[in-house]
Amino acid sequence: MTKEKTLFAMDLTAMMAVEELSRETNQPQEKVLLDFMESNTAKMLYDDSTKLWWDGPSVAAEEFKNQKAN
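J.: Would you take a moment to explain the pattern of salt bridges for this structure?
T.: Side chains that differ in charge, positive against negative, can pair when their charged atoms come close. Under the definition given, this model contains 4 salt bridges. We note a salt bridge from Lys31 to Asp35, for which the minimum N-O separation is 2.8 Å. Of this pair, Lys31 and Asp35 both sit in helix 2 (residues 29–37), 4 residues apart, roughly one helical turn. Lys31 sits in the partly exposed class, given a relative accessible area of 41%. If you follow the salt bridges from partner to partner, you end up with Glu24, Glu62 and Lys65 in one network.

Have a look at this one:
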């Protein structure tokens, strides 16, 4: 997979995770997006060696929720 396609998949995973988190928390997507992108979860998502983006948006959303809980 090209680097461009990988980055697109990461971006898509992030946006879908943010949409899911926004629905669950009834918070605006803009706020959730800012929180998400500043998190360790986002760092993991955009680090290709972790392959978090392979697991999909629900896993990324769960990872973010677990991080916020700790």
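J.: Explain the packing of aromatic side chains to me, please; I cannot follow it from the model alone.
T.: Ring pairs (aromatic) are described by centroid distance and by the angle formed between their planes. According to the stated counting rule, one finds 2 aromatic pairs in the structure shown. Taking 5.4 Å as the distance between ring centres and 50° as the angle between the ring planes, the aromatic pair formed by Phe36 and Phe64 counts as tilted. Here the residue Phe36 occupies a position in helix 2, and Phe64 occupies one in helix 4 (residues 57–69), the gap between them amounting to 28 residues. Looking at Phe36, the relative accessible area reads 0%, which means it is buried. Residue classification places Phe64 among the buried positions, given a relative accessible area of 6%. Seen in terms of ring centroids, Trp53 and Trp54 are 5.9 Å apart; in terms of plane orientation they differ by 90°. Their pairing is edge-to-face. Of the residues examined, Trp54 reaches a relative accessible area of 58% and is grouped as exposed.

Conventions adopted
- Residues numbered from 1 in each chain as written.
- Predicted model: local features only at pLDDT ≥ 70, side-chain atom pairs only at ≥ 80, totals over all residues.
- Heavy atoms only, no water.
- Salt bridge = Lys/Arg side-chain N within 4 Å of Asp/Glu carboxyl O.
- Helix = DSSP H or I, 4+ residues; strand = E, 2+ residues; numbered from the N terminus.
- Buried < 20%, exposed > 50% of the residue type's maximum accessible area, 1.4 Å probe, protein only.
- Phe/Tyr/Trp six-rings, centres within 6.5 Å; stacked < 30°, edge-to-face > 60°.

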